[in-house]
Amino acid sequence: MTLQHTLERRRSVRHYADTPIGADTVRQCLRLAQLAPSSSNMQLYEFYHIIDPAVLKRLAEACLGQKAAATAPQMVVFVTRQDLHRSRAQTVLDFERGNIRRHSPPEKQAKRIQNEESYRTKLMPFVYARCFGLLGAFRKALAWGIGLFRPMMRDVSEADMRIVVHKSCGLAAQTFMLAMAEAGYDTCPMEGLDSRRVKRILNLPRGAEINMVVSCGIRKDGHGIWGERYRLPFDEVYRHV
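Here we summarise the structure given alongside this text. Keep in mind that what you see is a predicted model, and the values were worked out from it rather than measured.

What counts and how
- Throughout this description, residue numbers start from 1 for each chain and increase along the sequence as written.
- Residue-level local features of this predicted model are given only where pLDDT is at least 70; pairs of side-chain atoms are given and counted only at 80 or more, and the full residue set underlies all totals for whole chains, interfaces and linings.
- Each side-chain value is worked out from all heavy atoms of the structure, with water and hydrogens disregarded.
- Here the nonpolar core consists of buried residues drawn from Ala, Val, Leu, Ile, Met, Phe, Trp, Tyr and Cys, with membership extended through side-chain atoms lying within 4.5 Å.
- To sort residues, take the accessible area from a 1.4 Å probe on protein chains only and compare it with the maximum for the residue type: under 20% means buried, over 50% means exposed, and anything in between is partly exposed.
- Runs of H or I in DSSP of at least four residues are treated as helices and runs of E of at least two as strands, each being numbered from the N terminus.
- Contacts: residue pairs with any heavy atoms within 4.5 Å of one another.
- A carboxyl oxygen of Asp or Glu within 4 Å of a side-chain nitrogen of Lys or Arg is what we treat as a salt bridge.
- Arc definition: it is the arc formed by the directions from the helix axis to the C-beta atoms.
- Here a polar contact means two N or O atoms within 3.5 Å. Within protein one must be a hydrogen donor candidate and the other an acceptor candidate, and residues neighboring in sequence count only if both atoms are side-chain atoms.

The subject of this paragraph is the nonpolar core. Soluble, globular proteins show a tendency: their nonpolar side chains are buried together. Met-75, Val-77, Met-190, Val-198, Ile-210 and Val-213 are the most contacted members of the largest nonpolar core, which has 24 residues in total. Looking at this core, the elements with two or more residues in it are α3 (53-62), α4 (67-70), β2 (74-80), β3 (186-190), α9 (195-202) and β4 (209-217). When near neighbours in sequence (up to four residues on either side) are disregarded, Ile-210 contacts Val-77, Phe-78, Val-79, His-166, Leu-193, Ser-195, Val-198, Lys-199 and Leu-204. Counting residues in each nonpolar core, the second largest holds 20 residues, with Cys-169, Ala-179, Met-180 and Met-212 among its members.

Right, here's the structure in full:
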């Protein structure tokens, strides 16, 4: 299947057939989802693959009872974990030390490792830390001052960084849905849900957030898709500069 065929096949399926799907295939598609780009390679997300019927029932209720959830034989909950920024930064740093030694010229290794250590142990904790909005306000003020003299990333408030984390998780979710379409399975991304109840069902910590729930299955003939796909005329969204 070409990429165009995969993109054309993927639809938000609202009603699934009773046909079971392979958990191993879904798991493999989640492995492929990890290949999606992630800001600073922090990968501040987790994937909860739900196959237990009792949990699926509770999750469908938390998704407001919509058929895309109620008829799904499996679901995946995409969760952001900004609270893990220190441990994830350290994990990436541990890898990058070896990566630099394997692929960088010997005379440049020490400097590149030093830069990576500074980036992962100082900048990342500073940028991703939260403190009732206070740290974000300080980062915004600092970025504004630096921006007077040179180009500077300015969207560094706590709300801004939360968006960054959710964007990276969303890229992984989209990659997962395309992988599922290529495997012949269907999905539906859902944001209409009670996030507090979903967190309680999965026993998630306070620092975790629900990005989206993606139901998985095989579309029911004549019921799974609600009519033709509509997109705005391309000229309304395309700008040539």
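Here the structure, examined in full by the defined rule, presents 12 salt bridges. The salt bridge partner of Asp-186 is Arg-219, with a shortest N-O separation of 2.6 Å. Of the two residues, Asp-186 is situated in strand β3 and Arg-219 in the loop between β4 and α10 (234-237); the sequence distance between them amounts to 33 residues. Residue classification places Asp-186 among the buried residues on the basis of a relative accessible area of 2%. Counted as one network, the salt bridges with shared partners bring together Arg-9, Asp-186 and Arg-219.

Along α9, the positions that sit buried rather than exposed are Val-198, Lys-199, Ile-201 and Leu-202. Projected down its long axis, α9 carries its buried residues within an arc of 160°, all on one side. Across from the buried face of α9, at angles greater than 90 degrees, the exposed residues are Arg-196 and Arg-200. Buried residues along α9 sit against β1 (45-50), α3, β2 and β4. Its side-chain oxygen at 3.2 Å from the backbone nitrogen of Arg-196, Asp-194 defines the N-terminal cap of α9.

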